[in-house]
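# Report on the structure
Next come the chains, spelled out residue by residue.
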Amino acid sequence: MEPYEHATQRSERRPWVVGVSGASGTPYAAAVVRGLLAAGEDVDLVVSRASRLTLLDETGISFRDAHWRDDLRQWLSLGADGKSGTFEVGDEDLARVRHWAAGDLAAGPSSGSYPVKGMLIVPASTACVAGVALGLSKDLLQRVASVTLKERRPLVVAVRETPLSGQTLRQLVALDEAGAIVLPASPAFYAGATHIQDLVDFVAGRVLDAADVPHRYYRRWKGELGGGRAPEGS
């Protein structure tokens, strides 16, 4: 059989890479991963060393390379209010996730020949923004972001910091000019938020919108004032 014929017949896995940096906002990352899986997408996950400290502080979960499936299941099941078991995470969901250690610079996504749809960095710290803007590639997360830019694939950077210094603003402009989508983790209220999870889901939904991944995370604006208010008595 000819090699080109074989290649065209093979069903190739093309995941979204989700990079989680050390900024506060680990519920945003969990919501994005849940949204990708709900849309039938495959996910390659890169959790930075700094983000593991944030995850431990915000959720009490220790993310371990050797037990990442168990830890990810626990993480994805949490609501934004920290309540365990809010979301059901099945084995079939976890089967579509591949984890790469943050220090593994020989990982699949470190090469442009590795097939991916793009990368979503959520949340993105200012240190992560600086590293990607400068092309440092000091860990796998930054390396994959650099590869994503050079291959002209979608890169969404959900920066989570306030206030922003002039230096960070210049780095965000550099990312925009390089082709990335800079998406501040800024919840909106017109969609009728009544719970912290609604605010988290709004940001996650905007990240998925930027990646052109369908979702039902929030009520979309329809040009009618007051459409986001909850009905009286609800």
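Residues numbered from 1 in each chain as written. Predicted model: local features only at pLDDT ≥ 70, side-chain atom pairs only at ≥ 80, totals over all residues. Heavy atoms only, no water.

## Describing the overall build of the protein
Basically, it comes down to this: Note on conventions: DSSP H or I runs of at least 4 residues are helices, E runs of at least 2 residues are strands, and numbering of each starts at the N terminus. Each radius of gyration is computed over the set of C-alpha atoms, and the globule rule expresses the reference value as 2.2 Å times the number of residues to the power 0.38. Burial here depends on accessible area, computed with a 1.4 Å probe over protein chains only, as a share of the maximum for the residue type. Under 20% is buried, over 50% is exposed, and the range in between is partly exposed. Only heavy atoms matter for contacts: two residues are in contact if any of them lie within 4.5 Å across the pair. Accessible surface is estimated by sampling points in the Shrake-Rupley manner with a 1.4 Å probe; for residues, cover comes only from the protein chains shown. Neither His nor the chain ends is counted toward charge; the positive residues are Lys and Arg and the negative residues Asp and Glu. Where a charge sits is defined by one atom per residue type, namely NZ (Lys), CZ (Arg), CG (Asp) or CD (Glu).
Regarding its fold elements, the protein presents nine helices and six strands. In terms of overall size, the protein behaves like a compact globule, its C-alpha atoms giving a radius of gyration of 18 Å where 234 residues would be expected to give roughly 17 Å. Here the C-alpha coordinates of the protein stretch approximately 65 × 45 × 40 Å along the principal axes. Within the protein, buried positions represent 48% of all 234 residues. Put simply, of all contacts in the protein between residues at least 6 apart along the chain, 71% involve residues at least 24 apart. Carbon and sulfur atoms make up 50% of the accessible area of the protein, which amounts to about 12100 Å² in all. With 26 positive and 28 negative side-chain charges, the protein shows a spacing of 2 Å between the two charge centroids.

## A look at the packing of aromatic side chains
Applicable threshold: Any two rings among Phe, Tyr and Trp, with Trp reduced to its six-membered ring, count as a pair given centres within 6.5 Å; such a pair is stacked if its planes are under 30 degrees apart, edge-to-face if over 60, and tilted if neither.
The tally for this structure, following the rule as stated, stands at five aromatic pairs. Residues Y190 and F202 carry aromatic rings whose centres are separated by 5.6 Å and whose planes lie at 90° to one another, so their mutual orientation is edge-to-face. Of this pair, Y190 sits in the loop between strand 6 (181–182) and helix 9 (196–210) while F202 sits in helix 9; the two residues are twelve residues apart in sequence, bridging distant segments of the chain. Assessed through its relative accessible area of 5%, F202 is described here as buried. Where Y190 meets W221, the ring centres are 6.2 Å apart and the plane angle is 75°; that geometry is what we call edge-to-face. Note that Y190 is positioned in the loop between strand 6 and helix 9 and W221 in the segment after helix 9, a separation of 31 residues in sequence. Residue Y190 is classed as partly exposed on the basis of its relative accessible area of 39%. Counting every residue linked through ring pairs, the aromatic cluster contains Y190, F202, Y218 and W221.

## Concerning the environment of R220
Filter applied, for reference: Polar contact is the term for a pair of N or O atoms within 3.5 Å; when the atoms are in protein, one must be able to donate a hydrogen and the other to accept it, and sequence-neighboring residues count only if both atoms are side-chain atoms.
Its location among the elements puts R220 in the segment after helix 9. For R220 and F202, which are 18 residues apart along the polypeptide, the C-alpha to C-alpha distance reads 9.9 Å. Sequence-distant contacts of R220, defined by excluding residues within four places in its chain, comprise D209 and H215. A polar contact is formed between the side chain of R220 and the side chain of H215, at a distance of 3.2 Å. Separated by 3.2 Å, the side chains of R220 and Y218 make a polar contact.

## A few points about empty space enclosed by the protein
This is how the line gets drawn: Two kinds of site are reported from a 1 Å grid over the protein atoms alone, namely cavities, where a 1.4 Å probe fits but cannot get out, and pockets, open sets with protein on both sides within 12 Å along at least five of seven lines, and residues are called lining when an atom falls within 4 Å of a point. Grid points are joined across faces, edges and corners, and a volume is the space filled by probe spheres set on the points. Ten residue types, Ala, Val, Leu, Ile, Met, Phe, Trp, Tyr, Cys and Pro, are classed as nonpolar, four, Asp, Glu, Lys and Arg, as charged, and the remainder, Gly among them, as polar.
Scanning the entire structure with this criterion turns up one cavity of 30 Å³ or more. The calculated volume of the largest cavity comes to roughly 30 Å³. V17, P109, V116, V144, V147, T148 and R153 together form the lining of the largest cavity. Among the elements that line the lining of the largest cavity, the one with the most residues is helix 7 (residues 140–150), at three residues. Looking at side-chain class alone, the lining of the largest cavity contains five nonpolar, one polar and one charged residues.

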